[in-house]
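Residue strings, one per chain:
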Amino acid sequence: AQTVTQSQPEMSVQEAETVTLSCTYDTSENNYYLFWYKQPPSRQMILVIRQEAYKQQNATENRFSVNFQKAAKSFSLKISDSQLGDTAMYFCAFVPRHNTGKLIFGQGTTLQVKP
Amino acid sequence: DVKVTQSSRYLVKRTGEKVFLECVQDMDHENMFWYRQDPGLGLRLIYFSYDVKMKEKGDIPEGYSVSREKKERFSLILESASTNQTSMYLCASCLTLGYEQYFGPGTRLTVT
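First things first, this report covers the structure right here in the doc. (Residues numbered from 1 in each chain as written. Chains lettered and ligands numbered in written order. Predicted model: local features only at pLDDT ≥ 70, side-chain atom pairs only at ≥ 80, totals over all residues. Heavy atoms only, no water.)

### Structural notes on the overall build of chain A
Along the backbone of chain A there are zero helices and twelve strands. Starting at the N terminus and ending at the C terminus, chain A contains elements arranged as β-β-β-β-β-β-β-β-β-β-β-β. Its C-alpha atoms give chain A a radius of gyration of 14 Å, near enough to 13 Å, the size a compact globule of 115 residues would have. Seen through its C-alpha atoms, chain A measures out along the principal axes to roughly 45 × 30 × 20 Å. (Helix = DSSP H or I, 4+ residues; strand = E, 2+ residues; numbered from the N terminus. Rg over C-alpha atoms; globule rule 2.2 N^0.38 Å.)

This is the structure:
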């Protein structure tokens, strides 16, 4: 079975500091996509960052970057210069390239950025 | 901007009622999805549709059905609501499988 595991249910960070959220996944597929989604309190889920497994270079989007370790099946999210608006639940998700689009989500990590 | 809307933000229904949750997207996306979100479980896929009148079961289809008569609209139906279906329901759509899914605001359903 394909699974995604986020082992940190809750995390906190001081404003302007850096935090890393962990994600591991289990699959026998070789080609797939990985995502981090953000769900702010009472607001819609939005995509933070996307990684294609065949690309060795880690994806970055402004203050957000990933550490993708394919052999270890690890996909962590680093948030630099944390801002109060980063307070949200973060979900790691995975979909095989040739699958019918079924995203598999982790349990989520609630991140609180403290002033 | 892609917009995905859901018919209700909050809904309270009684056990045994038939419940309709509607989702509409305005970007001509082929693929639409229904998830339920529960604390500690993340999002779990109920059903998805990759074309009009086409549907596939997700991980937890029991107790649910779906309808996609038009490309922009995807409905989730609880044939006979039960208390264990109390949850947050999220709709999503995407143009191409494997790319970004756009989510609606969610419907928090309470079944009493």
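Still more to cover.
### A closer look at the interface of chain A and chain B
Each partner contributes residues to the interface: chain A has 20 residues there, and chain B has 22 residues. Across the interface of chain A and chain B, roughly 1700 Å² is buried in total on both sides, 54% from carbon and sulfur atoms. Linking chain A with chain B are zero salt bridges, by the criterion used here. At the surface where chain A touches chain B, the tally comes to three residue pairs in polar contact (both at pLDDT 80 or more). Those elements giving two or more residues to the side of chain A that touches chain B turn out to be strand 5 (32-39), strand 6 (46-52) and strand 10 (88-96) of chain A. Counting residues per element, the side of chain A that touches chain B draws most heavily on strand 5 of chain A, at four residues. (Contact = heavy atoms within 4.5 Å. Buried area = accessible area lost by both parts, 1.4 Å probe. Salt bridge = Lys/Arg side-chain N within 4 Å of Asp/Glu carboxyl O. Polar contact = N/O pair within 3.5 Å; in protein donor to acceptor, adjacent residues only side chain to side chain.)

### What to know about the side chain of Ser87(B)
Residue and element names in this part refer to chain B. Tracing the sequence through the fold places serine 87 in strand 9 (residues 87-94). A distance of 3.1 Å separates the side chain of serine 87 from the backbone oxygen of glutamine 37, its partner in a polar contact. Setting aside chain neighbours within four positions, we find serine 87 in contact with Arg36, Gln37, Asp38, Thr107, Arg108 and Leu109.

### Side note on the environment of Asp51(B)
All names here are of chain B. Relative to the elements of secondary structure, aspartate 51 occurs in strand 5 (residues 42-51). Residues aspartate 51 and glutamate 72 lie 21 residues apart in sequence; the distance between their C-alpha atoms is 10.0 Å. Setting aside its immediate chain neighbours within four residues, aspartate 51 contacts Glu30 and Arg68.

### Structural notes on the state of the cysteines
Tallied over the entire structure, the rule returns two disulfides over all chains. A disulfide bridge connects Cys23(A) with Cys92(A), and the sulfur atoms are separated by 2.0 Å. Taking the sign of the S-S torsion, -70° for the link of Cys23(A) and Cys92(A), the bridge is left-handed. With Cys23(A) in the loop between strand 3 (19-21) and strand 4 (24-26) and Cys92(A) in strand 10, this pair connects stretches of sequence that are 69 residues apart. No difference in accessibility class separates Cys23(A) from Cys92(A), as the two residues are buried. Bridging Cys23(B) to Cys91(B), the disulfide has an S-S length of 1.8 Å. Disulfide Cys23(B)-Cys91(B): the torsion about the S-S bond is -75°, which places it as left-handed. A residue pair is termed long-range when its members are at least 10 positions apart, and Cys23(B) in strand 3 (residues 19-25) and Cys91(B) in strand 9 qualify at 68 residues. Each member of the pair, Cys23(B) as well as Cys91(B), carries the same accessibility label: buried. Of all cysteine sulfurs in the structure, the one in Cys91(B) sits closest to Cys94(B), which takes part in no disulfide; the separation is 11 Å. (Disulfide = S-S within 2.5 Å. Buried < 20%, exposed > 50% of the residue type's maximum accessible area, 1.4 Å probe, protein only.)

### Section: the pairing of strand 5 of chain B
Residue and element names in this part refer to chain B. Counting buried residues in strand 5 gives seven out of ten residues, a clear majority hidden from the surface. Both strand 4 (residues 31-38) and strand 5 contribute to a ladder of seven bridges, which runs antiparallel. Across the sheet, the residue bridging to tyrosine 35 is leucine 45, located in strand 5. Count of turn residues in the strand 4/strand 5 antiparallel hairpin: three residues, of which glycine 40 carries a positive phi of about 80°. One ladder, built from three bridges, connects strand 5 with strand 6 (residues 54-57); its direction is antiparallel. Paired with phenylalanine 48 across the bridge in strand 6 is glutamate 56. Count of turn residues in the strand 5/strand 6 antiparallel hairpin: two residues, of which lysine 53 carries a positive phi of about 65°. (Pairing = 2+ DSSP bridges.)

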